[in-house]
Amino acid sequence: MACVGRESRILLLPVLTSYIILLVLLQSSTAQGAEPRPFIRNTANAPREFREGDDILLTCVVADLGNHTVWWSKRGNGKKTILTVAERSITSDERVSLLHDRAPSYNSSLISSGGDVWVLVIKNARVSDAGIYVCEINTNPSLTSIYVVSVTTANASATQVALRSTHNYTDCCVQNSVSPQCLGFCAIHNILEGKTGIEPEACETYFPFIVKCMADMRNHVPCCDKQGVPDICQDLCRGEYTMQEDRIQSHFSCTSYTEATLMCISEGIEIIPSAPGSPSVEVLGPNSIQVRWEPPPPGTPEPEHYLIQYTTITRFDPPVDVVGNVTNTTDDSDDQLPQPKRVTVKVAATQTEAVVNSLTPMTWYEVSVVSENMHGTSLPSYNLRVLTHARQANKTAVVHPELPDVVGCCSDKGVKHYRCLRNVCDPSNRYINEPDMIVCAPWATEAFSCLANDMDHSDCCRERGLPPLCVELCSGNVTKIDFKYFRCVDYFNEYRSCLMKGYNVLPGPPRDVGVSNVHANFVLLHWSPPEMLGNSVTTYHAYFRPIQPSRECESKWFINNLEVSYHGVYTQSSPFVLEKLCEDTEYEIYVQAVNKHGTGDPSARVLFRTPSIVHERKLEETSYNVTHCCVSVQISPGCMPLCDYNARMSHVRMLATTCSGELPNILRCAVGGRNHQPCCQRRGVPESCMSLCAGTFSSQATPAVCMPYIGNIMMCLEEGVGYLPGPVRDLKATKVADREVTLVWQPPEKGSNITQYQLHYQSVDKHSAALAVYSLNNTMNLTDTVATVPNLKTGNMYNFFVITMNEEGTSLPSAVLTINVTEEHEDDSGLTGVSSAPHSLVLDAKTATTLTVVWQPPEFAHPTDRFIYELHFRALGSPGDPDNYNITTTAATALRLENLTPNTQYVIYVTATTDKGESRPSETLLAWTDPAYPAFVEAPTVHPINLIVEGGKMTVLCIAMGSPPPTVSLYISGVLIHQDETRHMVTVVQNVTRDMREISCYADNGYGTPMQASRTITICP
């Protein structure tokens, strides 16, 4: 467009002025806050279930979309199918459509939009519609929200649903203040039919109350066990709900078991009795308690009997969770901590109370009462805790001894000043200051004589540490008081205590002080009331301190860097639990009785020693440490937060992309060389994700499929490294002879929970030797770490590996030994087991001169192995030795080969090297480089198209093609402005001048003739 004339410019001036003002306002608003990045709300990863014939509705909430685009896709079998782009459906399936609800916009900066709602609609769902659906924004990197959809057949359980879906617990939900919008979840038939009327995420805060009402205090766990519901998914069967937190183990998926769980609950409500009401416990003596309860409410299944369950408590805060009955063990070793015992007492249904005898004195018990009939048991209303001890007689009313009339004595002796009578002559007064001493100095003889009450308290005062000058006050023989006695104000409490002791109004020392139930961190302290004035005691004060505390314990006994001699606790009666003690430490303790007038003499000192937690320490020392493994394989510090069985999900999402190259090593350390697949199978992990439980990634184990089950997997890994045996180390062949091989290996570094070893071996050829096969044709069970394998075929190649076993499961192979059995004897041949070969080589990207290859690490390896990969490649058909390969090394599982020849086929394979040696080669990959095409460039595109103003800015787009990608250069009036190796280069030019009239795009990729395309523009002043 040509520049406009002077008159036109004058006419356009007001319009341009308004336009400039608008631009300034927009720029200022942008300056105040950078342009917001699009945001997509992450939904719950749990699979969503639909029935055949229902409509599938998947909601995606997007905010600050800007100029980006939203699309829906379906992923499965390694393919990605685009369903919708923006508001248009681009699939041939007419059942698919999109609903878009735009968020309202607000002019005020104080009100933010909740985001646009993009709903994918699939009418009349089919079983084939099950899969992974993704809502995605085309940012860099892209933002996604993943939805796992399952579709069940319409008649799969229609009869069962019709029979067992009448349980309605809306009244209970209302009583527990569940929001009215969420009451749709308070009827099982609504959940089964998908008619709750609201998304589950909106009501998750109410789910603990909803689930508790749903179970209705019945124990549905036995039914859930029969239906194959894994243990981590049985919370609903107990009326509990686990809220998803930031920790990874709370993100587990149980959706596939929802229907079976709800069916168990629906059936159990009709046949299992409800819980007894208002249970209570009374201590009858050191060996017995009485338990009382109320029958279940009418209208519920009748119990056939009641079960009283009581469990010894060995720890406090939190209590020990005892799942089943625990029997006494015969191991009397000193390092075993006391084990909890659960005992069940059956009581007839006609009774509502029972006495439990044969208990251990001075022992804490947790008591519960449940109802039972032939179909099952209820849950307990709540648990009770009680301590068995001698039953004390009913305490009589507290009797306070009378004090002598000291005030009357002072008054009779002429003390008339009110301040002296109130502060000095009143022995119940706890405070006195220097002004009191000054005012009352004239009556000092009379006041202190009356306070002494004709007794000499000097010995007591000396014991309490009063200075000699102040001891004179304790004798009662004071002639006058001067300024020297003012320092005695600081010792007035000790002086007053001695007076009370002399008046015989303080209680005596507690008797029979002792400790029992001595544990590593707490003891039970008990005593008897004092003989003297025991009925006047209002409380007791116990003091305790460690003798030579350990370094770990010292911090508990210092306040502001000053050592505290004793810690004190108040209690109204015996016994008392002293908690938070240090293990393996000697303590001194005594008790004082307190009444209205003060504190009596201390009891005799008692010394005791807490035991060390030897057993727990042994477990800790022999347990597997995933962090140490990550350090040994040199995981980068930024990725170390992922080396945690209960890592934060926020860390996982934040570091997943950054640490993608280190995830195989992190997973290998987490697995710890153990085979966790049986546990994962029990806990509902799908077959496609099962490889993760063995420490490897497979093509099927995609994040979209396996992320919902990450909590299931991590629970199995953490539990498994505790009881499964670790892998063997240093597998070697010490002798290779005619028809036999002798192998030796080292046991795992830590732990001794191995019952036997299992040697696997099989004849292989040069092609199958590199395959990682978890079970070979021949096995030998051994108890020693040496084995001789006989009857081998001379001249054949064999693979050998060893796994450990115990009653809980097996380890994974940590190394593979490939041996060619020869006729010659080879003593000390030094053949060492190495990791299996890398596998799953894939061509990830290619150009005319580059090939990018990715692969998976070895499946058989020790957790602490560090790999260096050697990538071998050569051009197929190239002259020279066909066995002569180019080699390049890397520590990553991906590598880009550069400076290759265009339109050439290459042979590629990978080996893994550790400190034990080099693995066998991986499978071979044949890959072509792209043909080379000369560079081509289009004429530059300039924005704005119509009006480029001098002093303003313009955007130039250079689009080029060619293989390999060309180097694109932008020239303006012959001056190089920007250069990059790309096919689309966008350049923003600021401060446009009049001489910027010729714009050229130049492209060159080293093949053919470089190309240049130009255009001329007009700059308006």
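Residues numbered from 1 in each chain as written. Predicted model: local features only at pLDDT ≥ 70, side-chain atom pairs only at ≥ 80, totals over all residues. Heavy atoms only, no water.

A. Representation of the overall build of the chain in the model. If you tally the helices and strands in the chain, you get 22 helices and 53 strands. Counting all 1021 residues of the chain, 44% fall into the buried class. Sequence separation of at least 24 residues holds for 67% of the intrachain contacts in the chain that already meet a minimum separation of 6. Surface exposure of the chain reaches about 53100 Å², of which carbon and sulfur atoms provide 51%. (Helix = DSSP H or I, 4+ residues; strand = E, 2+ residues; numbered from the N terminus. Buried < 20%, exposed > 50% of the residue type's maximum accessible area, 1.4 Å probe, protein only. Contact = heavy atoms within 4.5 Å. Areas by Shrake-Rupley, 256 points an atom, 1.4 Å probe, with all protein chains shown as cover.)

B. Here's a closer look at the state of the cysteines. Enumeration according to the criterion identifies 20 disulfides in this entry. Across a sulfur-sulfur distance of 2.1 Å, Cys 629 and Cys 669 are joined as a disulfide pair. The S-S bond linking Cys 629 to Cys 669 shows a torsion near -75°; that makes this disulfide left-handed. One end of the pair, Cys 629, is in helix 17 (residues 626-632); the other, Cys 669, is in helix 19 (residues 663-671), with 40 residues separating them in the sequence. Overall, Cys 629 belongs to the buried group, its relative accessible area being 3%. Between the sulfur atoms of Cys 630 and its disulfide mate Cys 643 the distance is 2.1 Å. One disulfide, between Cys 630 and Cys 643, carries an S-S torsion of -100° and so falls in the left-handed class. Here the residue Cys 630 occupies a position in helix 17, and Cys 643 occupies one in the loop between helix 17 and helix 18 (649-655), the gap between them amounting to 13 residues. Take Cys 630 and Cys 643: they sit in the same class, and that class is buried. (Disulfide = S-S within 2.5 Å.)

C. View of the sheet that holds strand 20 (residues 523-528). Spatially, the 3 strands line up as an open sheet ordered 19-20-25, and their pairing is antiparallel. Since the sheet does not close on itself, it has two edges, and those belong to strand 19 (511-516) and strand 25 (576-578), each with one partner. Within the sheet, the average angular offset between the axes of one strand and its neighbour, ignoring direction, is 25°. Sheet topology note: the strand 19/strand 20 ladder contains 4 bridges and is antiparallel. Paired with Val 515 across the two strands is Leu 525, which belongs to strand 20. (Pairing = 2+ DSSP bridges. Axes fitted to C-alpha atoms, helices over the stretch in contact; angles between N-to-C directions.)

D. Seen up close, the environment of His 651. Structurally, His 651 is set in helix 18. Using a relative accessible area of 27% as the deciding quantity, one classes His 651 as partly exposed. Spatially, the C-alpha atoms of His 651 and Arg 247 are 9.4 Å apart, while their sequence positions differ by 404 residues. Setting aside anything within four residues of it in sequence, one finds His 651 in contact with Pro 641, Leu 642 and Ala 656.

E. The arrangement of helix 22 (residues 710-723) in detail. The end-to-end C-alpha distance of helix 22, which contains 14 residues, comes to 21 Å, matching closely the 20 Å that a straight helix rising 1.5 Å per residue would cover. Burial runs high along helix 22: 10 of the 14 residues are buried. Of the residues making up helix 22, those classed as buried are Ile 710, Gly 711, Asn 712, Ile 713, Met 714, Met 715, Cys 716, Leu 717, Gly 720 and Val 721. Looking at the packing, one finds that the buried side of helix 22 touches helix 19, helix 20 (677-682) and helix 21 (703-706). (Expected span 1.5 Å × (residues − 1).)

F. Broad picture of the pairing of strand 42 (residues 894-897). The side-chain alternation of strand 42 yields one buried face, formed by Leu 895 and Leu 897, and one unburied face, formed by Ala 894 and Arg 896. Bridging between strand 39 (residues 851-856) and strand 42 involves 4 bridges; their strand directions are antiparallel. Residue pairing across strands places Val 853 opposite Leu 895, the latter belonging to strand 42.

G. Here's a closer look at unusual backbone geometry. At the junction of Ser 574 and Pro 575, the peptide bond is cis and its omega measures out at 0° in the coordinates. Among the structural elements, Pro 575 can be located in the loop between strand 24 (567-571) and strand 25. The omega torsion of the bond from Ser 963 to Pro 964 falls at 0°, within 30 degrees of zero and hence cis. Mapped onto the secondary structure, Pro 964 falls in the loop between strand 48 (954-963) and strand 49 (967-972). Phi at Ser 177 takes a positive value of approximately 60°, unusual for a residue other than glycine. In this fold, Ser 177 is placed in the loop between helix 3 (170-175) and helix 4 (188-193). Not every positive phi belongs to a glycine, and Asp 216 is a case in point at roughly 55°. Of note, Asp 216 is situated in the loop between helix 5 (207-215) and helix 6 (221-226). Taking relative accessible area as the criterion, Asp 216 reaches 30% and is therefore assigned partly exposed.

H. Representation of the pattern of salt bridges within the structure. Inspection of every chain in the model, using the stated rule, returns 23 salt bridges. Linking Asp 55 and Lys 123 is a salt bridge whose minimum nitrogen-to-oxygen distance equals 3.7 Å. Taken together, the residues span a long stretch of sequence, with Asp 55 in the loop between strand 2 (48-51) and strand 3 (56-63) and Lys 123 in the loop between strand 8 (116-122) and strand 9 (131-137) at a distance of 68 residues. In this structure, Asp 235 engages Arg 238 in a salt bridge whose closest nitrogen and oxygen atoms are separated by 2.7 Å. Here Arg 238 falls in the partly exposed class, since its relative accessible area comes to 29%. Linked by salt bridges that have partners in common, Asp 93, Arg 95 and Asp 129 make up one network. (Salt bridge = Lys/Arg side-chain N within 4 Å of Asp/Glu carboxyl O.)

I. Up close: the confidence of the model for the chain. Put simply, the chain has an average pLDDT of 81, and 86% of its residues get 70 or more. Mean pLDDT across the secondary structure elements of the chain bottoms out at helix 1 (residues 6-32), with 36, and peaks at strand 49, with 95. Considering only residues more than four positions removed or in separate chains, one finds that residues 106-112, a stretch of pLDDT under 50, has 3 contacts. (pLDDT = per-residue confidence, 0-100.)

J. Region of interest: the sheet that holds strand 15 (residues 353-356). Read across the sheet, 3 strands follow the order 11-12-15 without closing on themselves; strand pairing throughout is antiparallel. Of all the strands in the sheet, the pair left with one neighbour each is strand 11 (277-285) and strand 15. Going from strand to strand, the sheet's axes swing by 20° on average, the running direction of each strand aside.

K. Main features of the packing of aromatic side chains. The tally for this structure, following the rule as stated, stands at 18 aromatic pairs. Seen from their ring centres, Phe 207 and Tyr 241 are 5.3 Å apart, and the 85° between their planes marks the pair as edge-to-face. Taken together, the residues Phe 207 in helix 5 and Tyr 241 in the loop between helix 6 and helix 7 (258-271) connect sequence positions 34 residues apart. Take Phe 207: its relative accessible area is 12%, and that puts it in the buried class. Consider the rings of Phe 867 and Tyr 869, whose centres lie 5.8 Å apart with planes at 35°: the pair is tilted. Tyr 869 shares its class with Phe 867; the two are buried. Three or more aromatic residues joined by ring pairs make a cluster, and in this case those are Phe 185, Phe 207 and Tyr 241. The aromatic ring of Tyr 590 is capped on one face by Arg 605, whose charged end is 3.8 Å from the ring centroid. One residue, Arg 674, lies across the ring of Tyr 624, its end atom 5.1 Å from the ring centre. (Phe/Tyr/Trp six-rings, centres within 6.5 Å; stacked < 30°, edge-to-face > 60°. Lys NZ or Arg CZ within 6 Å of the ring centre and 35° of its normal.)

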